[in-house]
Structure formats: structure tokens, C-alpha cells
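Architecture and fold: a report
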Amino acid sequence: MASSLKNLSAYDDSNIPDGNGKAFGIVVSEWNRDITHALYEGCVETLEKHGVSTNDMHVIQVPGSFELPAGAKLVAGYHKLDAVICLGCVIKGETKHDEYINQAVATGLTNLGLASGIPMIFGVLTPNTEEQARDRAGGKHGNKGVEAAVTALRMADLRKELKQSKSSIGFGH
Ligand code: DLZ
């Protein structure tokens, strides 16, 4: 379905794992701060709604999205975390800066997640315009911060279930 037709953050509330006792890093980029702080609010609200204590949310801010992987590595080095959520917004401009930043962040977080075994969640908006960003930061297409939080809860739960030696996971048991 085209994104113009739906709220991209809609999810089935009943199917989200409980976050009680799980710990998360949240790394927020300061560039386009009105947008990224709206993502942050959506993210924190969603984690709290699903049982995560604010004491178990370890938040740091980084200057721009390019710094998200370094920030994620720092926060994961200081705290025992079940997942790290990275929030940013890179708006397309007259040059190709957005392509370089987005590629670097995606590759950086992928590599970091695979090397550390800690899920790294890509909560970065990559819009063509500010309006598209606002639509996805609490506007008509939802809030990417909510999506990122839901993804983090699900990935954290996979880790927990594996530790409990379940024979098959992720299929509603
Ligand atoms: C330099 C820059 C530009 C032009 N645009 C954005 C943006 O739209 N979103 C964002 O998060 N960061 C931007 N940055 C900053 C870079 O991410 C980075 O902080 C600097 O290049 C310093 O490494």
C-alpha cells in the first residue's frame, strides 16, 4: 500500500512483547531537532506503554545522524542493553549529503549490531521534504519513533526467548 494511504506506525497492540525488566539505549540526533524530539517522544511513550521503566532507558544525544552509530556504540559500552534505538532525520537537499549520511548510518548500525549481538534499530527518517518528515513524526503517517520502539521490543524479546532455550520463536508460540 502506498505510504500516502496509511499510518505507517499502526501496529497490533496485543501482539507486542512486555518490556518490563528490559533495558534500551536511545540515541537521538540533534539535526532537525523538532522532528527528532517528536520521534523521541513517540519512542519513549511506546516503551513506557509496554512496561519499560524510564530507569531502563539510557538516552544520549549526538550532533547529527552521521554520529548515530558512534553514539550507539558508546551507550552500549556503558550499559547492559537489550537493544539500541537510533533516531534521526536526514532531509534531502541540493547536494548528495543525505545519501552519504544515510548509507553510512545504515551500514554502521548493521555492522555494529552484527558484531555486538545487540539489536540496533534504524529509526531514521529519510524524507525529501520537511513536510514528509513532519508527516512521519507524529503527523498523518504516524511516528517513526513508535515503529522503532516496537521493533526494539520485538528484537529484545527474541534474545530473551533464545536465552530461555525455546525450540521455535517468533511464530506466536
Ligand atoms: C551536515 C548535515 C546535513 C547537511 N544535513 C543533515 C541532516 O539533514 N540530518 C542530520 O541528521 N544531519 C545532517 N548533517 C550533519 C551530519 O549528520 C554530521 O553531524 C556532520 O556531517 C558531522 O559529522
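Scroll up to find the structure.
What you see is a predicted model; the values in this text were computed from it and never measured. (Residues numbered from 1 in each chain as written. Predicted model: local features only at pLDDT ≥ 70, side-chain atom pairs only at ≥ 80, totals over all residues. Heavy atoms only, no water.)

1. A look at the overall build of the chain
- Along the chain, the regular secondary structure elements total five helices and six strands.
- In terms of C-alpha radius of gyration, the chain reaches 16 Å, essentially the compact-globule figure of 16 Å for 173 residues.
- Dimensions of the chain, computed from C-alpha atoms along their principal axes, come out at roughly 50 × 35 × 30 Å.
- Taken over 173 residues, the chain has a buried fraction of 44%.
- Look at the contacts in the chain between residues 6 or more apart in sequence, and 75% of them connect residues 24 or more apart.
- On the chain, roughly 9,500 Å² of surface is accessible, and the fraction owed to carbon and sulfur atoms is 51%.
- The chain carries 17 positive and 20 negative side-chain charges, and their two centres are separated by 6 Å. (Helix = DSSP H or I, 4+ residues; strand = E, 2+ residues; numbered from the N terminus. Rg over C-alpha atoms; globule rule 2.2 N^0.38 Å. Buried < 20%, exposed > 50% of the residue type's maximum accessible area, 1.4 Å probe, protein only. Contact = heavy atoms within 4.5 Å. Areas by Shrake-Rupley, 256 points an atom, 1.4 Å probe, with all protein chains shown as cover. Lys, Arg positive; Asp, Glu negative; His and termini not counted. Charge placed at Lys NZ, Arg CZ, Asp CG, Glu CD.)

2. Regarding helix 5 (residues 144-163)
- Look at helix 5: 29 Å from first C-alpha to last across 20 residues, which is about the 28 Å you get at 1.5 Å a residue.
- Taken together, the buried residues of helix 5 touch strand 1 (24-29), helix 1 (33-49), strand 3 (83-89), strand 4 (120-125) and strand 6 (142-143).
- Two or three places before glycine 145, at the opening of helix 5, asparagine 143 has a side-chain oxygen 2.7 Å from that residue's backbone nitrogen.
- Of the residues one or two after helix 5, serine 165 is the one with positive phi, at around 60 degrees. (Expected span 1.5 Å × (residues − 1). Polar contact = N/O pair within 3.5 Å; in protein donor to acceptor, adjacent residues only side chain to side chain.)

3. Brief notes about the site of the ligand
- The immediate surroundings of the ligand are formed by Ser29, Trp31, Asn32, Gly64, Ser65, Phe66, Glu67, Cys89, Val90, Ile91, His97 and Ile101.
- Between the ligand and the protein, one listed contact pairs an oxygen atom with a side-chain N or O atom of glutamate 67 at 2.5 Å.
- A distance of 2.8 Å separates a nitrogen atom of the ligand from a polar atom in the backbone of cysteine 89.
- When the ligand is considered free in solution it has 480 Å² of accessible area, and contact with the protein chains removes 70% of it.
- Grouping the amino acids of the shell around the ligand by side-chain chemistry returns six nonpolar, five polar and one charged. (Near = heavy atom within 4 Å. Nonpolar A, V, L, I, M, F, W, Y, C, P; charged D, E, K, R; others polar.)

4. Concerning the sheet that holds strand 3
- Here four strands make up an open sheet; going across it, the order is 2-1-3-4 and the pairing parallel. Looking at which strands have only one partner, the edges of the open sheet turn out to be strand 2 (57-62) and strand 4. Direction aside, the axes of adjacent strands within the sheet are offset by 15 degrees on average.
- By the bridge criterion, six bridges tie strand 1 to strand 2 in an arrangement that is parallel. Bridging from a neighbouring strand, valine 27 pairs with isoleucine 60 of strand 2.
- Each of strand 1, strand 2, strand 3 and strand 4 touches helix 1; the most contacted strand, strand 3, lies at about 150 degrees to it. (Pairing = 2+ DSSP bridges. Axes fitted to C-alpha atoms, helices over the stretch in contact; angles between N-to-C directions.)

5. Considerations on the side chain of serine 65
- Take serine 65: it is sitting in the loop between strand 2 and helix 2 (68-78).
- If we skip the residues at most four places from it in the chain, serine 65 touches Ser29, Gly88, Cys89, Val90, Ile101, Val105 and Val124.

6. So, the pairing of strand 3
- Burial of strand 3 is extensive: seven of the seven residues sit out of reach of the surface.
- Burial of the side chains of strand 3 extends over both faces: Ala83, Ile85, Leu87 and Cys89 are buried on one face and Val84, Cys86 and Gly88 on the other.
- Both strand 1 and strand 3 contribute to a ladder of five bridges, which runs parallel. Looking at the pairing, valine 28 lines up with leucine 87 of strand 3.
- Here strand 3 runs beside strand 4; their pairing, made up of six bridges, is parallel. If you follow glycine 88 over to strand 4, its bridge partner there is valine 124.
- Regarding the hand of the β-α-β motif, the stretch spanning strand 3, helix 3 (residues 97-116) and strand 4 is right-handed. (Right-handed = clockwise from strand over helix to strand, strands pointing away.)

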